[in-house]
Amino acid sequence: MVILTEEDIYEVLSQLLPKQNDFFKTNYSEELIELMEFGINSKILLLDLVSKHRERVLEIDSEDLDDFHIQYYKKEYGEKYVEERINKKFWFAYPALLRIILELEFGEKYKEYTNKSDGV
C-alpha cells in the first residue's frame, strides 16, 4: 500500500470538490496527521471517504449563515469576501471541508480529538 501524502490530499480534494472552494493555500501537513490518526492512510481510503460525504458536505457548505457569522466574517475578511460567498452559496475552503467530512465520518471521536489538539 502506498502511504498518503500531502500532495495526494490536495489532488483528491481538487478532483472531488468544486474549484471555487480552492481559495486557501496550505501544505496539508496538519490534515495529513489528522487523517493518519483516523486510519485514512492511503489515497484510495481518502477518495472513498470524500466520495462518501461529498454530497452532504457541499450541502453544509451552501447553507445560509446566521447573522452572527456573517458579521464576524465581514469584520475578519471584508464585505466583498462575504458578499461573494453569499451570492455563490459557498463558505469553506478545502481544508475546512475535509475537517467537516472527518466530523461526519467519525462524529464525537473526531470532535474530542480536535478539542484536545486545540487545547480546549
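One structure accompanies this document, and this report is about it.

Scoring rules and cut-offs
- Residues numbered from 1 in each chain as written.
- Predicted model: local features only at pLDDT ≥ 70, side-chain atom pairs only at ≥ 80, totals over all residues.
- Heavy atoms only, no water.
- Helix = DSSP H or I, 4+ residues; strand = E, 2+ residues; numbered from the N terminus.
- Buried < 20%, exposed > 50% of the residue type's maximum accessible area, 1.4 Å probe, protein only.
- Contact = heavy atoms within 4.5 Å.
- Areas by Shrake-Rupley, 256 points an atom, 1.4 Å probe, with all protein chains shown as cover.
- Axes fitted to C-alpha atoms, helices over the stretch in contact; angles between N-to-C directions.
- Parallel < 35°, antiparallel > 145°, perpendicular 65-115°, else oblique.
- Nonpolar A, V, L, I, M, F, W, Y, C, P; charged D, E, K, R; others polar.
- 1 Å grid on protein atoms, 1.4 Å probe; cavity = no way out; pocket = protein on both sides within 12 Å on 5 of 7 lines; lining within 4 Å.
- Points joined across faces, edges and corners; volume = space filled by probe spheres on them.

### Digging into the overall build of the protein chain
Broken down by element type, the protein chain carries 6 helices and 0 strands. When its helices and strands are written in sequence order, the protein chain yields α-α-α-α-α-α. Considering only C-alpha atoms, the protein chain reaches an extent of 45 × 35 × 25 Å along its principal axes. Counting all 120 residues of the protein chain, 37% fall into the buried class. Within the protein chain, contacts between residues at least 6 apart in sequence are counted, and of these 78% link residues at least 24 apart. Accessible surface computed for the protein chain: about 7,500 Å², of which carbon and sulfur atoms make up 52%.

### Topic: the packing of helix α4 (residues 67-77) against helix α5 (residues 79-88)
Two elements in contact, α4 and α5, have axes separated by 7 Å at closest approach and are oriented at 135 degrees. Classified by the interaxial angle, the pair formed by α4 and α5 is oblique. Across the interface between the two elements, Ile70, Tyr73, Lys74 and Tyr77 from α4 touch Glu79, Tyr81, Val82, Glu83 and Ile86 from α5. For the contact of α4 with α5, the class distribution of residues is 6 nonpolar, no polar and 3 charged.

### Observations regarding the layout of surface pockets
Of the voids in this model, the largest pocket is the one considered here, and its volume is about 430 Å³. Taken together, 17 residues form the lining of the largest pocket, with Phe24, Tyr77, Phe92, Ala93 and Ala96 sitting closest to its centre. Of all elements in the fold, only α2 (29-37), α4 and α6 (94-117) reach the threshold of two or more residues within the lining of the largest pocket. Looking at the lining of the largest pocket element by element, the count peaks at 4 residues for α6. Among the residues forming the lining of the largest pocket, the class breakdown is 11 nonpolar, 3 polar and 3 charged. Its boundaries defined by the atoms lining it, the second largest pocket holds a volume of some 230 Å³. Taken together, Glu30, Ile33, Glu34, Arg99, Glu103, Tyr110, Tyr113, Thr114, Ser117 and Asp118 make up the full set of residues lining the second largest pocket.

### Considerations on the environment of glycine 39
Examined against the element boundaries, glycine 39 turns out to sit in the loop between α2 and α3 (43-62). Accessibility expressed as a relative area gives 38% for glycine 39, which makes it partly exposed. C-alpha of glycine 39 to C-alpha of serine 117: the two residues are 78 residues apart in sequence and 17 Å apart in space.

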